[in-house]
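Structure assessment
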Amino acid sequence: MGMLLLLHVVLLAAAAGAPAAEAWGKEGHYMTCKIAEGFLTEQARTAVKDLLPGWAGGDLAETCSWADRQRFRYRWSSPLHFADTPGDCKFDYARDCHNTKGEKDMCVVGAINNYTAALMDSSSPYDPTESLMFLVHFVGDVHQPLHCGNADDLGGNTIKLHWYRRKSNLHHVWDVNVIETAMKEFYDDDQSTMIQAIQKNITEGWADEEKQWETCRSQTKTCAEKYAQESAKLACKAYEGVEQDSTLEDDYFFAALPVVQKRIAQGGVRLAVILNKIFGGNSRLQSI
């Protein structure tokens, strides 16, 4: 459990230089967790509900942006939201999973593995409710491509541009702008309608792929390293044609939207796999 200790005792200064942006906005995290809820076994659903704080009202999705709200309270957690790379379209755990002080395992992949281990260990000294809320958030984070973006531009945070007529940056485009535009243009600004559309794609359009999303052969860790590798590859495409002061409009939006929707879907399915493994009842995912 040595790696897990780093998640809690690292000095506040370890977060220096880390990007301040969120991964997925509140909507993206909420959607990811809502999708996961529909795939939980009854045993896992009950265990998760028992761990939720009272303010969540029994709804896992209400807690899924909690970790972003704690970044100033728990400054050591800032590096755990991302796993930036040198921009070679690859994620390498040994090379990329560390904070600015070089301390190992301090990235989103290390966080997912370590919070999973904490929840599976009944003797763990760490608060299981906080461990759960960090875990569900970080599984969402690792599926946002720009959270495995280029280290030299902080995952697109320093690439300033316009999203249609609004000032933004490349990271924020993927966190928030694509989802907000889709909700406005296609879903009447109704989050539940967009969630239903993604759920339908999982059970129909992506039915064959979904079985592969669930697969994780590791017996000792999660497959978060694989998910980061996927995001690093997608991040390379996200940078294509984008420069400082670019204006991104329909062409970029229509290319990015299917990627965003699929990553939210994959994040939800895989979060359910992890929670089902932690809390038992680890059978084939139950369809929505």
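If you check an unreviewed UniProt entry, the protein appears there as Aspergillus nuclease S1 from Urochloa decumbens. Heading Catalytic activity (unreviewed entry) of the UniProt record for the protein holds this comment: "Endonucleolytic cleavage to 5'-phosphomononucleotide and 5'-phosphooligonucleotide end-products." Checking UniProt for the protein, the heading Sequence similarities (unreviewed entry) contains the comment "Belongs to the nuclease type I family."

A few words on the overall build of the protein. Scanning the protein for helices and strands turns up twelve helices and three strands. Buried residues in the protein amount to 55% of all 288 residues. The contacts of the protein with a sequence gap of at least 6 include a subset with a gap of at least 24, amounting to 75%. Total accessible area computed for the protein in this model is approximately 12,900 Å², and 50% of it derives from carbon and sulfur atoms.

Note on backbone geometry: most residues besides glycine have negative phi, and most peptide bonds are trans. One non-glycine residue, aspartate 105, lies in positive phi territory at about 70°. For aspartate 105, a relative accessible area of 9% translates into the label buried. In this structure, leucine 154 takes a positive phi of about 55° despite not being glycine. Note on placement: leucine 154 falls in the loop between helix H7 (128-142) and strand E1 (160-163).

Our focus in this paragraph is the nonpolar core. Counting residues in hydrophobic clusters, the biggest one holds 84 residues, and the most contacted among them are Leu170, Tyr252 and Leu275. Ranked by the residues each element gives to this core, the list is headed by helix H12 (residues 250-279), at 14 residues. Not counting residues up to four positions away in its chain, the partners in contact with tyrosine 252 are Trp163, Leu170, Val173, Trp174, Ala238 and Val242.

Here we come to the pairing of strand E2 (residues 166-169). As paired strands, E1 and E2 are joined by four bridges and run antiparallel to one another. Pairing of histidine 162 across the sheet is with lysine 167, part of E2. Hairpin geometry of E1 and E2 is characterised by an intervening segment of two residues between the two adjacent antiparallel strands and by a positive phi of about 55° at tyrosine 164.

We now examine the packing of aromatic side chains. Within this structure, the stated rule accounts for 18 aromatic pairs. With 5.8 Å between their ring centres and 55° between their planes, tryptophan 206 and tryptophan 213 make a pair best called tilted. By relative accessible area, which is 12% here, tryptophan 206 ends up buried. Linked through ring pairs, Trp163, Tyr164, Trp174, Phe186, Tyr187, Tyr252, Phe253 and Phe254 together constitute an aromatic cluster.

A few words now on the state of the cysteines. Counted under the stated rule, the structure contains four disulfides. The disulfide partner of cysteine 97 is cysteine 107, and the S-S distance across this bridge is 2.1 Å. Negative torsions about the S-S bond denote left-handed disulfides, and the value of about -95° found for cysteine 97 with cysteine 107 makes this one left-handed. In this pair, cysteine 97 is assigned in the loop between helix H5 (93-96) and helix H6 (108-120) and cysteine 107 in the loop between H5 and H6, connecting sequence segments ten residues apart. Classification of cysteine 97 as buried rests on a relative accessible area of 2%. With its sulfur 2.1 Å from that of its partner, cysteine 216 forms a disulfide with cysteine 223. In this structure the cystine formed by cysteine 216 and cysteine 223 twists about its S-S bond by roughly 95°; its chirality is therefore right-handed.

Orientation of helix H2 (residues 26-37) relative to H12, taken along the N-to-C sense of each, is 45°, at an axis distance of 7 Å. It follows that H2 is oblique to H12 by the angle criterion. You can see that H2 and H12 cross each other, and the crossing is right-handed. On H12, the residues touching Gly28, Met31, Thr32, Cys33, Ile35 and Ala36 of H2 are Ile264, Ala265, Gly267, Gly268, Val269, Leu271 and Ala272.

Let us look at the side chain of glutamate 37. Topologically, glutamate 37 is positioned in helix H2. Residue glutamate 37 is classed as buried on the basis of its relative accessible area of 15%. Polar contacts involving the side chain of glutamate 37 include one to the side chain of lysine 34, which spans 3.2 Å. Each residue touching glutamate 37, except ones within four places of it in the same chain, is listed here: Arg45, Asp59, Leu60 and Ala61.

Reading the values: rules and limits
Residues numbered from 1 in each chain as written. Predicted model: local features only at pLDDT ≥ 70, side-chain atom pairs only at ≥ 80, totals over all residues. Heavy atoms only, no water. UniProt positions renumbered as here; feature names shortened; annotations may be inferred. Helix = DSSP H or I, 4+ residues; strand = E, 2+ residues; numbered from the N terminus. Buried < 20%, exposed > 50% of the residue type's maximum accessible area, 1.4 Å probe, protein only. Contact = heavy atoms within 4.5 Å. Areas by Shrake-Rupley, 256 points an atom, 1.4 Å probe, with all protein chains shown as cover. Core = buried A, V, L, I, M, F, W, Y, C linked by side-chain atoms within 4.5 Å. Pairing = 2+ DSSP bridges. Phe/Tyr/Trp six-rings, centres within 6.5 Å; stacked < 30°, edge-to-face > 60°. Disulfide = S-S within 2.5 Å. Axes fitted to C-alpha atoms, helices over the stretch in contact; angles between N-to-C directions. Parallel < 35°, antiparallel > 145°, perpendicular 65-115°, else oblique. Left-handed = near helix turned anticlockwise from the far one by under 90°. Polar contact = N/O pair within 3.5 Å; in protein donor to acceptor, adjacent residues only side chain to side chain.

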